[in-house]
Amino acid sequence: DKKKKKKKKKKKVKLTVDKVLTPEQLAQIPKERIEIIKKVLGDMPIKRERAQDNSHFRNLGSWKEGPTLQTNPPTIPVDFQFPDRVFPIGQIMEYTGSNMYRTTNAELKEKDRIAEEHYTHLRKAAECQRQVRKFTQSIAKPGIRLIDLCEKLEEMNRHLVNENGLHAGIAFPTGCSINHVAAHYTPNAGDFTVLGPDDVCKIDFGTQVEGRIIDTAFTVAFNPKFDPLLLAVQDATETGIREAGIDVRVSDVGAAIQEAMESHEIELDGKTYRIRSVKNLNGHLIGPYHIHGGKSVPIVAGTGMNDKMEEGELYAIETFGSTGKGYVWEEGECSHYMKDFYAQPRAIRNPRAKGLLKHIETNFSTLAFCKRWLDRAGETK
């Protein structure tokens, strides 16, 4: 009898953080951060692919297969993916109307070239955010505790941006506001609120590189009955971005946003609601290390705000749609804190308070922070 030669099957090598990153790359990352990322990923299988199924979400597309420099879930800091510091360029909105000449004017193009380093910082932060957002979409499912969602998102944000003091890191605490809570909620220690299948959750997070802040938010919902609400806010946001530009009055942007938002309605439990813009929430100017830079971008008409958007400014266009009265007020335990950008130094006598202020100035400066981050650093009451 002839002996049949059995072909040896190639064993698939299980990818780990240690195997994905080169020894040279691992040497540049603090060991504690590597261990934290391993803990964040847990038993999630690491694959070299871009595709990701987001079908459990409403109004959020899935990630299609294609070229990628990142694993899934992400393990490689953005700096290692783009060693030449040429980061991807996101969506470009062309100027319209009287500002169209800025697209072709040689002098204005040269100004953009001079500001390239500024754009490089923003694009690095933006690329980090894209990858963190994708990771967050893979874990944001009914049953997860919001505090776990926020902490995993934040650790991934720190890892991918290659956190380095005030040079690069998180720009502000992760918001995960649910249902009637519009914004600025992040769980404090001991808050074990769970994301439910009928919740509408607004995930809001920021990344900064050399003080240049990218502010991103997206809505998580699983029940199709909320589709009209999500589509209304998407329409309003895209309208605001399209209307914004140099020399545009913020009041005109607000009027356009409100018109788009309030052209939509939603039926819930047999009752039809007009979707309203929340009148006392706004978008805002963003400055270096200054998340709310002074100017606001309303999302309703008739606010009396006559500021103009100026050349070189950076704005967050933020829209909030509601089935209620379209007005918010402060409620509940505070979780977000921030040193006044214009505060003058004052003498502090209490040694513990003095130590806390030093920690805040060293680690956050004028960027926002939360109680969880003080707990993380061992700063107790």
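Residues numbered from 1 in each chain as written. Predicted model: local features only at pLDDT ≥ 70, side-chain atom pairs only at ≥ 80, totals over all residues. Heavy atoms only, no water.

**Overview of the nonpolar core**
Using the following cut-off: To form a nonpolar core, buried Ala, Val, Leu, Ile, Met, Phe, Trp, Tyr and Cys residues must be joined to one another through side-chain atoms within 4.5 Å. Burial classes follow relative accessibility: with a 1.4 Å probe on protein chains only, a residue under 20% of its type's maximum area counts as buried, one over 50% as exposed, and anything between as partly exposed. A helix here means a DSSP run of H or I that spans at least four residues, while a strand means a run of E at least two residues long, and both kinds are numbered starting from the N terminus. Here, two residues are considered to be in contact whenever any of their heavy atoms come within 4.5 Å of each other.
One finds L195, I203 and V220 to be the most contacted residues of the largest nonpolar core, which totals 43 residues. Of all elements in the fold, only α1 (17–20), α3 (31–41), α4 (78–81), α7 (116–139), α8 (146–160), β2 (175–178), β3 (200–209) and β4 (212–221) reach the threshold of two or more residues within this core. Residues within four places of V220 in sequence aside, it is in contact with F57, L195, D199, V200, C201 and I203. One finds A236, I299, M309 and I317 within the second-largest nonpolar core, a separate group that totals 25 residues.

**Description of the side chain of S335**
The test is simple: In protein, a polar contact requires one atom able to donate a hydrogen and another able to accept it; more generally it is a pair of N or O atoms within 3.5 Å, and residues adjacent in sequence count only if both atoms are side-chain atoms.
Position of S335 relative to the elements: it lies in the loop between β11 (321–322) and β12 (336–337). Accessibility expressed as a relative area gives 3% for S335, which makes it buried. Looking at S335, its side chain comes within polar contact range of the main-chain oxygen of T186, at 3.4 Å. Within the structure, S335 has its side chain in polar contact with the side chain of H336 (distance 3.1 Å). Ignoring anything within four residues of it in the chain, the contact list for S335 reads H184, Y185, T186, N188, F369, C370 and K371.

**Notes on unusual backbone geometry**
In this structure, P73 follows N72 across a cis peptide bond, with omega equal to 0 degrees. Along the polypeptide, P73 turns up in the loop between α3 and α4. Positive phi, close to 60 degrees, is recorded for N59, a residue that is not glycine. Positive phi, normally seen in glycine, also occurs at E210, with a value near 50 degrees. Under the relative-accessibility criterion, E210 is labelled partly exposed at 33%.

**So, the sheet that holds strand β9 (residues 296–297)**
Where we set the bar: Strands qualify as paired when DSSP identifies two bridges or more between them.
Read across the open sheet, the three strands follow the order β9-β8-β10; overall the sheet is antiparallel. In this open sheet, the two strands that pair with only one neighbour each are β9 and β10 (314–316). Of the strand pairs in this sheet, strand β8 (residues 283–286) and β10 are connected by three bridges, and their pairing is antiparallel. For I286, the partnering residue across the bridge sits in β10 and is L314.

**With respect to the confidence of the model for the protein chain**
As a reminder, the rule being used: Note on scores: pLDDT gives the predictor's confidence for each residue, bounded by 0 and 100.
Scored by pLDDT, the protein chain has a mean of 92; 96% of the residues are at 70 or more. When the elements of the protein chain are averaged for pLDDT, helix α6 (residues 106–114) gives the smallest value, 73, and α8 the largest, 98.

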